[in-house]
Amino acid sequence: MNPIRVRLGVLGLALLTGFTTPAAASAAQAAPSPTVEEQRLGRAAPQEILRRSGFDSAAPRLARALEGARSYGEARRAVGREGARLWQRAVDRAQGRGPAGGDMSRDDDRPLYWARLGMTREVRTWEPAFGLTDGQRAALLDGLERASRGQDTIGYPRGKGLKRILLTGFDPFTLDRDIRISNPSGATALALDGTVIETADGPARIETAVFPVRWQDFARGTVERALRPHLPKVDLFTTVSQGRVGRFDIERTNGAWRGGFEDNDNVGRTETVPVSDPASQPQWTTTTLPYAAIAAAQTGRFPVYDNTSVTEIPAGGTQPVVRPDGPTPGSTARAGGGGDYLSNEIAYRATLLRDRLGLHGTLPGGHVHTPVLQFGAGNTTEVTDPEFVRNRLDIIAQVKAILRVAAEAS
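Reference entry: report on the structure contained in this document. Note that this is a predicted model, so its numbers are computed, not measured. (Residues numbered from 1 in each chain as written. Predicted model: local features only at pLDDT ≥ 70, side-chain atom pairs only at ≥ 80, totals over all residues. Heavy atoms only, no water.)

**What to know about the sheet that holds strand β13 (residues 332-335)**
Line of reasoning, step 1. An order of β12-β11-β13 is seen for the 3 strands of this open sheet, with the pairing classed as antiparallel. Two strands in the sheet have a free side with no partner beyond their single neighbour: β12 (321-323) and β13. For this sheet the average axis-to-axis angle between neighbouring strands, irrespective of direction, equals 45°.
Line of reasoning, step 2. Sheet topology note: the strand β11 (residues 310-313)/β12 ladder contains 3 bridges and is antiparallel. Looking across to β12, one finds that V310 is bridged to R323. (Pairing = 2+ DSSP bridges. Helix = DSSP H or I, 4+ residues; strand = E, 2+ residues; numbered from the N terminus. Axes fitted to C-alpha atoms, helices over the stretch in contact; angles between N-to-C directions.)

**Considering the pairing of β11**
Line of reasoning, step 1. Of the two faces of β11, both are covered, the one formed by V310 and E312 as well as the one formed by T311 and I313.
Line of reasoning, step 2. Sheet topology places β11 next to β13; 3 bridges connect them, and they run antiparallel. Paired with T311 across the strands is A335, a residue of β13. (Buried < 20%, exposed > 50% of the residue type's maximum accessible area, 1.4 Å probe, protein only.)

**A closer look at the sheet that holds strand β1 (residues 163-170)**
Line of reasoning, step 1. Reading across from one edge, β2-β3-β1-β4-β14-β5-β10 is the order of the 7 strands in this open sheet, with mixed pairing throughout. Taken across any chain shown, the strands that pair with only one partner, and hence form the sheet edges, are β2 (196-199) and β10 (304-307). Across the sheet, the mean angle from the axis of one strand to that of its neighbour is 25°, orientation sign disregarded.
Line of reasoning, step 2. Pairing of strand β5 (residues 248-251) with strand β14 (residues 365-370) involves 3 bridges; the strand directions are antiparallel. The residue of β14 that forms the bridge with D249 is H369.

**Notes on helix α12 (residues 342-356)**
Line of reasoning, step 1. An ideal rise of 1.5 Å per residue puts 21 Å on 15 residues; α12 measures up with 20 Å between its terminal C-alpha atoms.
Line of reasoning, step 2. Burial of α12 is extensive: 13 of the 15 residues sit out of reach of the surface.
Line of reasoning, step 3. G358 lies just past α12 and shows a positive phi near 75°. (Expected span 1.5 Å × (residues − 1).)

**Focus on the packing of helix α5 (residues 72-94) against helix α6 (residues 110-125)**
Line of reasoning, step 1. At a minimum axis distance of 10 Å, the contact between α5 and α6 shows a crossing angle of 170°. Looking at the two axes, α5 sits roughly antiparallel to α6. Facing α5, whose interface residues are V79, E82, G83, L86, W87, A90 and R93, α6 presents P111, L112, A115, R116, M119 and V123.
Line of reasoning, step 2. Its residues placed into classes, the contact of α5 with α6 shows 9 nonpolar, 1 polar and 3 charged. (Parallel < 35°, antiparallel > 145°, perpendicular 65-115°, else oblique. Contact = heavy atoms within 4.5 Å. Nonpolar A, V, L, I, M, F, W, Y, C, P; charged D, E, K, R; others polar.)

Listed below in structure tokens is the structure:
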């Protein structure tokens, strides 16, 4: 999710309203139109993915539940229930529990993505007889997003002797370039949620969540809201996204800059990363993952690099300069090691939150870029193929191996 890499051909939420019931409207307000992201649902590839996974039933199920709702409270409960059901169904499918629902590979993250958009479109365009305020509709969408992304079900067993790992992934993106795209970070989140890995120091429990590829959601604090309750309690965290072809990168430095590349709603932002208390905002944050140990370990077929490069405007300068060995004192960020898109931003936000919580010296955390998930040679139309599935499974397995190394070296 690096726009520099994407340009090379490689790679919002009115959502802080919570679940409280807003004041009732004096008159019903018209339902908004579907978003740019939701409008892609009508294309052939999303419909095929939903049909071949059995996830085409999710949005109609929610629509029936909304039709039966006689109050905002009933609608709120239905949306929360169906959102949680969708996340658990996707996790179960990825981990081999229950019916596959069709002939799509179980490790595929795209059924969750497209089914969620079908559900948000139902909520966004729903016009109940009792009327909805804009705030009420936004709160319903918020509840659906959080529940269907695993953001409100992160939790670890109590007791000693168990390490706790938190991992985040992303939705597919650059869909107008190729509507068939899958995101291996989202697939990894589904495959590993709630699983336990054995390390030399004992078992480690992994909890995961997935985030949207939308600038506005990040500006409104979706990352901080999801992670803040858990960072003080975990032993290790990593944000994960898709990066360059054929390689993993452990990103050493993250920058406070948005480079303008368009998100899934075709909106671009070119600005300093907006965070709370901007007066104390640093230009750079750094990983505390054991990057040297990870890069040196044999974790899978893709090489793993300790990526130290950034782009900065040097102190007293006016033009961006690439620095292979990291930022210089007093410089202004223009790209972290992970670029200037939302993968850099989630890494920046998560590590800034770590630092603001006073955990820099005690909590290993940072960002991992996976290889680009590629289709088989010559496949320009089919939504899946054997090489595509193999590549995704290998990336998932290698992320899991990286987590084991990181847990043992921390």
